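Results of the structural survey
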Amino acid sequence: MRISCRDRLKLLGGVGVLAGLQASGVLSSIDVIGKAFAEDAKKTLRVTIVPEPPILNAAFNTAIMVQQISTKMLDGLLAYDKNFEPLPALATEWKVAGDGLSIQFKLRPNVKWHDGSPFTSADVKYSIEEILKKHHPRGRATFANVSTVETPDPLTAIIKFSKPSPYVMAALSASESPILPKHLYEGNDPPANKFNNAPIGTGPYKFVEWQRGSYITLARNPDYWVKGKPAVESLIVRFIPDAGARAVAFETGELDVGGTDPINLADLERIKTLPNLAVTTEGYAMCGAMYYFEFNMRDPQFKDVRVRQAIAHAINRDFVAKNVWFGYGSAATGPISQKLAKFYTADVPKYPYDKKKAEALLDAAGYPRKAGGVRFKITHDPSTYSEQYRRFAEYFKQAMRMIGIEVDLQNSDAATFQRRIWTENVYQTASYGIFNMPDPTIGVQRMYWSKNIRKGVPYSNGSGYSSPEMDALLEAGQNEIDVAKRREIFNKMQVLAMTDLSIIPIINVDYTTVYNKRVKGLTEDLEGVFGTFANIALA
Amino acid sequence: MIARSSFIQRYFQSRTGVIGLIILTLIIVMAIFGPTLYPVDPWDMVSRPLQWPSFGAEAPLGSDVLGRDVLSGLINGARVSLIIGISATAAAVAIGVTVGAVAGYFRGLTDDALMRITEVFQTIPNFLFVIVLVAVFRPSVFTISAAIAVVSWPAVARLVRGEFLSLRQRAFVESCVTIGMSTPRIIFTQILPNCIAPVIVTSSIMIATAILVEAGLSFLGLGDPNVMSWGAMIGFGRQSLRTSWYLTLIPGVAIQLTVLSISFVGEALNDSLNPRL
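Described in the following lines is the structure provided in the data block. (Residues numbered from 1 in each chain as written. Chains lettered and ligands numbered in written order. Predicted model: local features only at pLDDT ≥ 70, side-chain atom pairs only at ≥ 80, totals over all residues. Heavy atoms only, no water.)

Regarding the pattern of salt bridges
Residues and elements named next belong to chain B. Evaluated as defined, the whole model comprises 31 salt bridges over all chains. In this structure, aspartate 64 and arginine 68 form a salt bridge, with 2.8 Å as the shortest nitrogen-oxygen distance. No difference in accessibility class separates aspartate 64 from arginine 68, as the two residues are buried. The partner of glutamate 119 in a salt bridge is arginine 158, with the nearest N and O atoms 3.7 Å apart. (Salt bridge = Lys/Arg side-chain N within 4 Å of Asp/Glu carboxyl O. Buried < 20%, exposed > 50% of the residue type's maximum accessible area, 1.4 Å probe, protein only.)

Quick look at a nonpolar patch on the surface
Together, B:Trp52, B:Leu241, B:Trp245, B:Leu249, B:Val253 and B:Leu257 line one region of the surface with nonpolar side chains, adding up to about 560 Å² of accessible area. Note on B:Val253: relative accessible area 36%, which makes it partly exposed. (Patch = residues over 30% accessible without salt bridge, like charges linked within 9 Å, V, L, I, M, F, W, Y side chains within 5 Å. Areas by Shrake-Rupley, 256 points an atom, 1.4 Å probe, with all protein chains shown as cover.)

Let's talk about the packing of aromatic side chains
Per the stated rule, a full pass over the model turns up 30 aromatic pairs over all chains. On the numbers, 5.0 Å between centres and 50 degrees between planes, the contact of A:Phe295 with A:Phe302 is tilted. A:Phe302 carries the same exposure label as A:Phe295, and that label is buried. Residues B:Trp52 and B:Tyr246 carry aromatic rings whose centres are separated by 4.8 Å and whose planes lie at 50 degrees to one another, so their mutual orientation is tilted. You can see B:Trp52 sitting in the loop between helix 2 (15-37) and helix 3 (70-106) and its partner B:Tyr246 sitting in helix 11 (residues 246-273), a full 194 residues away along the chain. Taking the relative accessible area as the measure of exposure, B:Tyr246 reaches 2% and is therefore buried. (Phe/Tyr/Trp six-rings, centres within 6.5 Å; stacked < 30°, edge-to-face > 60°. Helix = DSSP H or I, 4+ residues; strand = E, 2+ residues; numbered from the N terminus.)

Considering the nonpolar core
One broad rule of soluble globular proteins: the nonpolar side chains tend to lie buried together. Residue and element names in this part refer to chain A. Within the largest apolar cluster, 165 residues are counted, with the highest numbers of intra-cluster contacts made by Leu77, Ile311 and Phe392. In terms of residue count, helix 12 (residues 387-402) provides more of this core than any other element does, 7 residues in total. Excluding residues that lie within four positions of it along the chain, phenylalanine 392 makes contacts with Tyr291, Phe293, Ile315, Val320, Val324, Trp325, His380, Ser431 and Ile506. (Core = buried A, V, L, I, M, F, W, Y, C linked by side-chain atoms within 4.5 Å. Contact = heavy atoms within 4.5 Å.)

Considerations on the sheet that holds strand 6 (residues 146-153) of chain A
Residues and elements named next belong to chain A. Overall, antiparallel pairing links the 4 strands, which are arranged 4-5-7-6 in an open sheet. Each edge of the sheet is formed by a strand with only one pairing partner; in this case those strands are strand 4 (91-96) and strand 6. Within this sheet the neighbouring strands show an average axis-to-axis angle of 20 degrees, counted without direction. By the bridge criterion, 5 bridges tie strand 5 (residues 102-107) to strand 7 (residues 156-161) in an arrangement that is antiparallel. Paired with phenylalanine 105 across the bridge in strand 7 is alanine 157. Contacts from helix 4 (residues 121-135) reach strand 5, strand 6 and strand 7 within the one sheet, and its direction differs from that of strand 6 by about 170 degrees. (Pairing = 2+ DSSP bridges. Axes fitted to C-alpha atoms, helices over the stretch in contact; angles between N-to-C directions.)

Concerning the pairing of strand 16 (residues 405-409) of chain A
Residue and element names in this part refer to chain A. Only one face of strand 16 is covered, namely the one carrying Ile405, Val407 and Leu409; the face carrying Glu406 and Asp408 has none of its residues buried. Here strand 15 (residues 376-382) pairs with strand 16 via 5 bridges, running parallel. Considered in strand 16, the bridge of isoleucine 378 is made with valine 407. For the crossover from strand 15 across helix 12 to strand 16, the handedness is right-handed. (Right-handed = clockwise from strand over helix to strand, strands pointing away.)

A look at unusual backbone geometry
Residues and elements named next belong to chain A. In this structure, the amide linkage connecting valine 50 to the following residue, proline 51, adopts the cis form with an omega of -15 degrees. Note that proline 51 resides in the loop between strand 1 (44-48) and helix 3 (64-70). The omega torsion of the bond from lysine 229 to proline 230 falls at -5 degrees, within 30 degrees of zero and hence cis. By the element assignment, proline 230 lies in the loop between strand 9 (215-220) and strand 10 (234-238). Within the chain, phenylalanine 533 stands out as a residue other than glycine whose phi angle is a positive 65 degrees. Here phenylalanine 533 shows up in the loop between strand 20 (519-520) and strand 21 (537-538). Judged by relative accessible area, which is 4%, phenylalanine 533 ranks as buried.

Brief notes about the interface of chain A and chain B
Counting residues at the interface gives 24 residues for chain A and 23 residues for chain B. For the chain A face of the interface with chain B, the top three residues by lost area are A:Arg391, A:Gln398 and A:Asn411, together amounting to 23%. Counting the contacts that link chain A with chain B gives 4 salt bridges. B:Arg68 is the partner of A:Glu394 in a salt bridge, and the nearest nitrogen-oxygen pair spans 2.9 Å. Here chain A is connected to chain B by 10 residue pairs in polar contact (both at pLDDT 80 or more). Counting only elements with at least two residues in the side of chain A that touches chain B, the list comes to helix 7 (243-251), helix 10 (317-324), helix 12 and strand 16 of chain A. For the side of chain A that touches chain B, the element with the most residues is helix 12 of chain A, which contributes 9 residues. (Buried area = accessible area lost by both parts, 1.4 Å probe. Polar contact = N/O pair within 3.5 Å; in protein donor to acceptor, adjacent residues only side chain to side chain.)

This is the structure we're talking about:
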């Protein structure tokens, strides 16, 4: 064989690339994956998380990808069944006092941290008082009324409140409020603690390795507090930036589980027809993901409620669910997600798709069609995170044209979008995805409460909507401990929100999880990919 | 006159040049008259979403995820692509020729200063620079054209400067100076016409590049959200690449044909304007 000069160059290049790959860790990741294949495939669960999390501890960052990895290592006090009723986790018993001013927890005995130290009530006290109340993005609001956590003995913790705070019982899962080891966090700066990137928890999996940009490996925790679990020996989380490449990895059996839309929605129909793969929308009830359309209530254009109603009547939410979200969502009727069955009510003012009515409302409000059929012009800022959001904006522009409103779309990056909506309030209308969370006080109040009109805080009350009646309802809902009365308060709140219409809820978003059918037990967990994966088995 | 007819003859000797010219003319005709002959709004949701190309009456080239007509997008996108390609290039050539001519004619300190500025622009990767400019200012057809012009003028400036440096020494220029002709007159009526051939060739390639840059921006979602362009169409279709690949293929072929035909024309122009090569 003759080797030309050019071939030699190529060879040289190849050697260089090989060395580069080895240095960068790409090759070693292939090694790990290769080894995992060689080992008993039944014992290795291969997961993908989109995108790669910046940190592995959900106490400091509540982004959905962080919650997916944190929960495998760090436990919460409680878990929840599919009706959102609490289940034992680190706490085995709990008792809410009659006046709602304290909750007593009996803790699970003989639980050990991954480094062998015993888990006690001191860890709970430290986590709630020092971590969750001070550093957790939502915890500052959730635990605002916590005055102290009493620890009469190592296996008892009593949370004391200054005001009744019934919603706290909904916020104690591993994904929302992880319990951290006091002995590793005390005395240094918690958000900068090195264990945030290599967590020591009490959960079913132990941290092994994080090769940034490539993979994370976790191993079975043999001392996990449920004997014999988990059944999975090792868990590998791979980061594949491209949705097309992820689809291929699922098809070839290299990935077992991926949550929060790992594959383009448009591609799912094809994936569903493959014999070894399945698609589910279960496991996202806790998020209560929705898509909101918001008016800037400071804008004189929207002072008249009939203008807001007209726009609501002109948006065909079923069309959006079917074509923009490819059916992975349903038309929303109110500000609370239908998945939050405890609080959701369908009995609110409705705005069915009706162009004629929309036009009549605009005529009545004093905006007749002028030259060229245009009534007035508005701008619209869609959120930037997903293709679906942009498609919705394009749909909205066309839908408004049909009733004589000219829409100028504003494309921007995420930072500009947040600045325009929540810092400078310079927009006219906006749309964005939002999580209701398991309780409306945590996830919905922030969008309607006039005391939450806070400049520079994303996903606060950006519309500037301010109603004393609404404030009174929200504040009553915050402190009401009677379940039925609380439900009634939130029913009224939903009616009022849909009457005043500062926000038009568009879609209940169904996130999708793609998984290989050899994975068992994934959909039994309320939290799906946000769950602990302790009960997952591989066939 | 002799020179001009021989230039046209030389041009038509190039087979690719002729093919390029025919395709380009068709695209230009489509951009100018298409929207009148096929008056369907490219954003209107006219048919069932994701309808395959049927070549029938309704949505002959199929429809996208929202039921928008692909043919209408193709026609209106041609207009956007050509407007951006031509206006960005015109602006870039205007800046580049001015800077290059001044630097090449006056030389010395002026030349040094202008060339250092040019180098600053040349060291920043073009596409990234365009993204930054478009992100800072709101994306619109105007800002995108301006951003592309801002990144593409240095090539013209360097080219014109080189030509000026050599032509400046020639006897005919010296004689113009001797008879007291004003500097602007020498630059614009004497030297510039003699170096316009390479500028024409470069700018034809620049139009093609500008069209590609615009397509890239729109594909990334940084285009003007209020106009339909080919890049944006590919962006819309990308999600359904595995199932409805025609959404990506059709505008992709349109971009390719346009860029290819402009390149062919540019090459043929180069051959016919510089017969020595």
